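# Report on the structure
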Amino acid sequence: MATTKKAEGVGKEKKKGGFRETVLLLVLGVGLALLLQAFVVGSFYIPSESMENTLLINDRVFVNKLAGKPERGDIVVFKGWNGEDTIKRVIGVGGDRVVCCDSKKRLTVNGTPLEEQSYLYPGDYASGDKFDVTVPAGKLWLMGDHRSASFDSRGHMQEPGKGFISEDAVIGKAVLRYWPLSRGYLFSRPDIFDKVK
């Protein structure tokens, strides 16, 4: 009889220990997920058509917050001109001269024409607006892939910041389109930017 009571007591202690362990692991898992989202990887929802066809309305992307300094061609999420999270493509970095357009209606960066067909929205030109800007150190010139539907650096040129965004405003680089699953895609920098000097 005493042995049975002892066995029951041990069984209850094991159940309590197993429950505590499960709760602790659950709390640790949630905490780790929150830390990863805050400092390493974030998710971003596409609210507009400005990055079509690369990104469509309602697409979702993972953003690497530890990806380092933005480079030409990267797709980045940043605190935009109105203070909201915004997503665009980096066209020019500090020191670059970005001009629109050459005789073939292409953007040039430091005199190198960009052949943007791989990501530019079908039928769009590089820009309907002419401009000639030199990007200050620590700043970025950003444009959407659907140029005729994108309110980007070009649309903010008359403001005090002249359309540029600080590198410090960048939240991270888009690395993966994960939703919808049928459009899953791992982003890479277009090699046309490797030709820019």
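It should be emphasised that the depicted structure is a prediction, and the values quoted were computed from it without experimental measurement.

Here we come to the overall build of the chain. Check the secondary structure of the chain and you find one helix and twelve strands. Overall, the chain shows an N-to-C arrangement of helices and strands of α-β-β-β-β-β-β-β-β-β-β-β-β. Among the 197 residues that make up the chain, the fraction classed as buried is 38%. Considering only residue pairs separated by 6 or more positions, the chain has 63% of its internal contacts joining residues 24 or more positions apart. Roughly 11,800 Å² of accessible area belongs to the chain as shown, and the carbon and sulfur atoms make up 58% of that amount.

It is worth spelling out unusual backbone geometry at this point. Excluding glycine, residues mostly carry a negative phi; peptide bonds, for their part, are mostly trans. Between Glu52 and the following residue, Asn53, the backbone shows a cis peptide bond with an omega angle of -5°. Summarising the element assignment, Asn53 is placed in the loop between strand E1 (41-45) and strand E2 (60-64). Each neighbour pair has its own omega, and for Cys100 with Cys101 the value is 0°, a cis peptide bond. Mapped onto the elements, Cys101 comes out in the loop between strand E5 (97-100) and strand E6 (107-109).

Scanning the model with the defined rule gives one disulfide in all. Residue Cys100 pairs covalently with Cys101 via a disulfide, S to S 1.8 Å. Note on the Cys100 and Cys101 pair: the S-S dihedral is about -65°, so by sign convention the disulfide is left-handed. Residue Cys100 is classed as buried on the basis of its relative accessible area of 6%.

We now examine the packing of aromatic side chains. To describe a pair of aromatic rings, you give the distance between the ring centres and the angle between the ring planes. Under the criterion given, the structure shown has six aromatic pairs. A centroid spacing of 5.5 Å and a plane angle of 85° characterise the contact between Phe78 and Trp81, whose relative ring orientation is edge-to-face. You can call Phe78 buried: its relative accessible area is 0%. On the numbers, 5.6 Å between centres and 75° between planes, the contact of Tyr185 with Phe187 is edge-to-face. For Tyr185, a relative accessible area of 43% corresponds to the partly exposed category.

Attention now moves to the nonpolar core. One finds Ile91, Val98, Leu107, Leu114, Phe131 and Trp141 to be the most contacted residues of the largest nonpolar core, which totals 17 residues. Mapped onto this core, the elements with two or more residues apiece are E5, E6, strand E8 (131-134) and strand E9 (139-143). The residues contacting Phe131, other than those within four sequence positions of it, are Val98, Val99, Cys100, Leu107, Trp141, Met143, Arg154 and Met157. Membership of the second largest hydrophobic core comes to eleven residues, among which are Leu55, Val63, Val77 and Ala174.

Let's shift gears to the environment of Lys195. Following the sequence through the fold, Lys195 ends up in the segment after strand E12 (185-186). Here Lys195 falls in the exposed class, since its relative accessible area comes to 59%. Lys195 sits 83 residues away from Thr112 along the chain, and the two C-alpha atoms are 7.3 Å apart.

So, about the confidence of the model for the chain. With 82% of its residues at a pLDDT of 70 or more, the chain has an overall mean of 87. When mean pLDDT is taken per element in the chain, E9 scores highest with 98 and helix H1 (residues 2-39) scores lowest with 58.

Turning our eyes to something else, we now look at the sheet that holds strand E7 (residues 112-113). Strand order in this open sheet of four strands is E7-E6-E5-E8, and the pairing throughout is antiparallel. Only two strands of the sheet have a single neighbouring strand rather than two, namely E7 and E8. Relative to E8, E5 runs antiparallel, the two being bridged by four bridges. From the neighbouring strand, Arg97 faces E8, where its bridge partner is Thr134.

A word on the side chain of His146. When you line up the elements, His146 lands in the loop between E9 and strand E10 (165-166). Of the residues examined, His146 reaches a relative accessible area of 7% and is grouped as buried. At 3.2 Å, the side chain of His146 and the side chain of Glu52 are in polar contact. The contacts of His146, once residues within four sequence positions are left out, are Glu49, Ser50, Met51, Glu52, Tyr121 and Asp124.

Criteria and cut-off values
- Residues numbered from 1 in each chain as written.
- Predicted model: local features only at pLDDT ≥ 70, side-chain atom pairs only at ≥ 80, totals over all residues.
- Heavy atoms only, no water.
- Helix = DSSP H or I, 4+ residues; strand = E, 2+ residues; numbered from the N terminus.
- Buried < 20%, exposed > 50% of the residue type's maximum accessible area, 1.4 Å probe, protein only.
- Contact = heavy atoms within 4.5 Å.
- Areas by Shrake-Rupley, 256 points an atom, 1.4 Å probe, with all protein chains shown as cover.
- Disulfide = S-S within 2.5 Å.
- Phe/Tyr/Trp six-rings, centres within 6.5 Å; stacked < 30°, edge-to-face > 60°.
- Core = buried A, V, L, I, M, F, W, Y, C linked by side-chain atoms within 4.5 Å.
- pLDDT = per-residue confidence, 0-100.
- Pairing = 2+ DSSP bridges.
- Polar contact = N/O pair within 3.5 Å; in protein donor to acceptor, adjacent residues only side chain to side chain.

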